[in-house]
Amino acid sequence: MVRFRPETRPCAEGANLVSDEPRTPLTERLLDLAVEYRSGMSVVHATGEIDLSTAPRLAEALAEQPGTVVLDLTRVAFLSAAGVQAMLEVRGRGRELRLVAPRSCRADRVLDLTGLNSILPRYESVCEAVAP
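Residues numbered from 1 in each chain as written. Predicted model: local features only at pLDDT ≥ 70, side-chain atom pairs only at ≥ 80, totals over all residues. Heavy atoms only, no water.

Brief notes about the environment of Q85
Tracing the chain through its elements places Q85 in helix α3 (residues 81-92). Each C-alpha atom of the pair Q85 and P56 lies 9.8 Å from the other, and the pair is 29 residues apart in sequence. (Helix = DSSP H or I, 4+ residues; strand = E, 2+ residues; numbered from the N terminus.)

So, in structure tokens, the structure goes:
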């Protein structure tokens, strides 16, 4: 028999203990992706962590976009090798990928260490990346 302390109670399946809102998969809470279109280009804004668990979502989002894709890494708190691989796959398909990664962003060090700076064009802002 399972007993609950008086101050706790079981919650409905799919709800969390803090609120009755449905739970979202951890990968969706770790990485938020938003897409907008500017100057005929797809701009993918990434917020959160790009790691082994979230890189497949990033790869899928990048692959779905037509034409030139701009990836905004300004709000990325963590970037792993899996994220770098997802970016290289887009280029490997013959598509143009532009990175927005100011020197002040956390992804900067990984981009420098992996040499991605020499492979993909890098910009300080989205406006700069979408300029003709």
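Considerations on the pattern of salt bridges
In this structure the tally under the stated criterion is 6 salt bridges. Where R103 meets D112, a salt bridge forms, and the shortest distance between an N and an O atom there is 3.3 Å. A single salt-bridge network, built from bridges that share partners, covers R103, D108, D112 and R122. (Salt bridge = Lys/Arg side-chain N within 4 Å of Asp/Glu carboxyl O.)

Description of the side chain of T68
Note on placement: T68 falls in the loop between α2 (55-64) and β3 (69-79). Ignoring anything within four residues of it in the chain, the contact list for T68 reads M41, S42, E96 and R98. (Contact = heavy atoms within 4.5 Å.)

Things to note about the pairing of strand β4 (residues 97-100)
Burial of β4 is two-sided: the residues L97 and L99 facing one way and the residues R98 and V100 facing the other way are all buried. Two strands pair when backbone bridges link them, and β3 and β4 are joined in this way by 4 bridges, in the parallel orientation. By the bridge assignment for β4, D72 is matched with V100. Handedness of the crossover joining β3 and β4 through α3: right-handed. (Buried < 20%, exposed > 50% of the residue type's maximum accessible area, 1.4 Å probe, protein only. Pairing = 2+ DSSP bridges. Right-handed = clockwise from strand over helix to strand, strands pointing away.)

Quick word on unusual backbone geometry
A positive phi angle, close to 50°, is found at S39, a residue other than glycine. One can find S39 in the loop between β1 (31-38) and β2 (41-50).

Section: α3
Relative to the 16 Å expected for 12 residues at 1.5 Å per residue, α3 spans 16 Å between its end C-alpha atoms, a close match to the ideal helical length. Turning to α3, its buried residues are G83, V84, A86, M87 and V90. When α3 is viewed along its axis, its buried side chains cluster within an angular range of 155° and face the same direction. Exposed and oriented more than 90 degrees from the buried face of α3 are A81 and G92. The secondary structure elements touched by the buried residues of α3 are β2, α2, β3, β4, α4 (108-114) and α5 (116-119). Where α3 starts, the residue carrying a side-chain oxygen 3.2 Å from the main-chain nitrogen of A82 turns out to be S80. Where α3 ends, the next residue or the one after it, G94, has phi of about 80°, a positive value. (Expected span 1.5 Å × (residues − 1). Arc of directions from axis to C-beta. Polar contact = N/O pair within 3.5 Å; in protein donor to acceptor, adjacent residues only side chain to side chain.)

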